[in-house]
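Remarks on the overall topology
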Amino acid sequence: MPRFRQLAMYDALVPADSTPDPGVDHGEVFTRRWVVELVLDLAGYTSDRDLGAMVLVEPSCGTGAFLIPIVERLITSCRAHDRDLATIGSAIRAFDLLEANAERARKACVDLLARAGVEQCTAVEVASAWVTTDDFLLFDHPLAGADLVVGNPPYVRLENMRPAVMEAYRQACPTMRGRADLYVGFIERGLELLKPGGVLSYICADRWMRNQYGADLRELITTSYAIDTVISMHDVDAFEDDVSAYPAIVVLRNRPQAAATVVEARSTFGEREASRLVAWATRGRRRVVEEASFDATRVGAWFSGRDLWPSGSPLQLAMVADLEARFPPLQDSSTGTRVGIGVATGCDEVFITSDSDLVEPDRLLPLLQAPDIAGGVVSWSGRYLVDPWDGEGLVDLADNPRLADHLHRHGARLRGRYVAQQRPGAWYRTIDRVNHRLVERPKLLLPDIKAAAHPVLDEGGFYPHHNLYHVTSDVWDLEVLGGLLLSDVANLFVGAYCVKMRGGAFRFQAQYLRRIRVPLPQDVPATAARALRRAFRARDLQGATAYAADLYGVDRKALTRSSLG
């Protein structure tokens, strides 16, 4: 895999009233010709269509990596449809911030038109109408006037801009929040330009799909537009130079969401493989394609809202999308099922003890840590949580002299914690407040880091440490639910959304556990419930996965394969 370098665009040192310096690196990354052809094919900008009747916008044309193939296709189309090349000045709207780039792009367009038989003065006039030197993000575009928006937008961190420019971009592009990159704004503004049914087709970094600064953009797309195609190209040699992000081709449409195509391209993916992919995507009937250089599948639904979009193989994403469309999430108010994390103390050396006489008996709670459930059942180590809380808040130390003595012995250390400095009067608090009702409540416990889901039932009597997550429910038989969470369904969802640890272990954090889909308890037949209960008690992963696959209506082999990514 190539190592990517950060590129600085729209140089922050350029005075506000000056022309950008053509010698400065402005984030120009030139896309290989075959990749450009793939982007155009997926957008439907093909010469068999009457391209002269369309409006295509290229937001960051540079010296013509996209624009030259676009013009070539346009000329071929005009010949096939008997259009006069002198009359197609409105068919392309291309932008670049640098006049040097724009002038080179215009010259390339003039040369192509001249070779097609257009008189020089007319060719110059048409090319001048096509290419504009301006800032695409701040230009006053006619909205909903484009049939297509295509290109390779710049990849530059927003904080690299001068403050005034940064603020102007944020006002023009509300989805460009936090530490966003400029391509977020290029996607938002490009979508604004689309006519109903119009298409945006970009190759750009895919970080916005899976991090916080892309949340508003994801919500905009899933609310008002449709994902058509996503091609992950992390290992593909797609550019003339290295770039500082994992690239993907994304095709968006101004229409309601329908089926979407998901592709994972490997390092051997090239021009011939791109042609086969286009043929399948546009004319193929198979739902799944698995080749040496790429895997592809069509999914019937896409992910909604502002939440992260999952990562993984096309098979994995297709199954996640299918299950999310058909089943409710694990955390569900209708069943009273909740996911939480155990207590973070901020100083385990003081708040965790094996001495049952250290403080008042009612100030000790039996504590479970990850090693206590490693064997699949609760095996308590004898450790306690020193509990400074009661139902009203922090206890009065004057009423708990042994607790007070213990805490004061470590007072300097406790007062030095951030949580204590923020609230000096509560210097002896744990970071998290203790929920005493959780102690006696039955709960499923899952360790934070594990190679596969490892739910264990605590029938009550213990409090979880912060390296354990807990699942409680008002309705579920927790052993039945535990069977579902033991199965590869849990691994599928957590693996798709979580950050993988070194060695391939998953982070079973609350935000990922909540995304697991489960049927409603009343929809689980008694026979399936008994089978899942037995599998959970026996720690039978294969059995749990087989029973879960039947319950979810999916192929058990496909479920196992997809859970492995």
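Right, let's walk through the structure included here. Please read these numbers as outputs of a predicted model, since none were measured by experiment.

Conventions adopted
Residues numbered from 1 in each chain as written. Predicted model: local features only at pLDDT ≥ 70, side-chain atom pairs only at ≥ 80, totals over all residues. Heavy atoms only, no water. Pairing = 2+ DSSP bridges. Helix = DSSP H or I, 4+ residues; strand = E, 2+ residues; numbered from the N terminus. Axes fitted to C-alpha atoms, helices over the stretch in contact; angles between N-to-C directions. Contact = heavy atoms within 4.5 Å. Buried < 20%, exposed > 50% of the residue type's maximum accessible area, 1.4 Å probe, protein only. Phe/Tyr/Trp six-rings, centres within 6.5 Å; stacked < 30°, edge-to-face > 60°. Expected span 1.5 Å × (residues − 1).

The next thing to look at is the sheet that holds strand β2 (residues 92–96). The 10 strands are arranged β3-β2-β1-β4-β5-β7-β6-β8-β10-β9 in an open sheet whose pairing can be described as mixed. For this open sheet the edge positions go to β3 (131–133) and β9 (288–290), each flanked by a neighbour on one side alone. Going from strand to strand, the sheet's axes swing by 15 degrees on average, the running direction of each strand aside. For strand β1 (residues 56–58) and β2, the ladder comprises three bridges, and the chain directions are parallel. The residue bridging E58 from the neighbouring strand is A94, located in β2. Across the sheet, helix α3 (residues 99–115) lies against β2 and β3, angled at about 165 degrees from β3, the strand it touches most. The strands that helix α9 (residues 314–326) touches are β8 (260–265) and β10 (294–299); relative to β10, the one it contacts most, it runs at about 15 degrees.

Let us now look at the side chain of H470. Checked against the element boundaries, H470 lands in strand β21 (residues 468–472). The contacts of H470, once residues within four sequence positions are left out, are R338, V339, G340, I341, G342, L438, K443, L444, L445 and P464.

Burial runs high along strand β13 (residues 364–368): four of the five residues are buried. In the sheet, β13 pairs with strand β20 (residues 463–464) via two bridges, with the strands oriented parallel. Counterpart to L368 in the pairing with β20 is P464.

Using the criterion set out here, one finds 14 aromatic pairs in the structure. Ring centres of F95 and F136 lie 5.7 Å apart, and the angle between their planes is 65 degrees; this geometry places the pair in the edge-to-face category. Of the two residues, F95 is situated in strand β2 and F136 in the loop between β3 and β4 (146–151); the sequence distance between them amounts to 41 residues. Judged on exposure class, the residue F95 and its partner F136 are both buried. Measuring from ring centre to ring centre gives 6.1 Å for F506 and F508, while their planes differ by 55 degrees; the resulting arrangement is tilted.

Here the focus is α9. Along its 13 residues, α9 runs 18 Å from first to last C-alpha, staying within 8% of the 18 Å computed at 1.5 Å per residue. Within the span of α9, buried status applies to P314, Q316, L317, A318, M319, V320, A321, L323 and E324.

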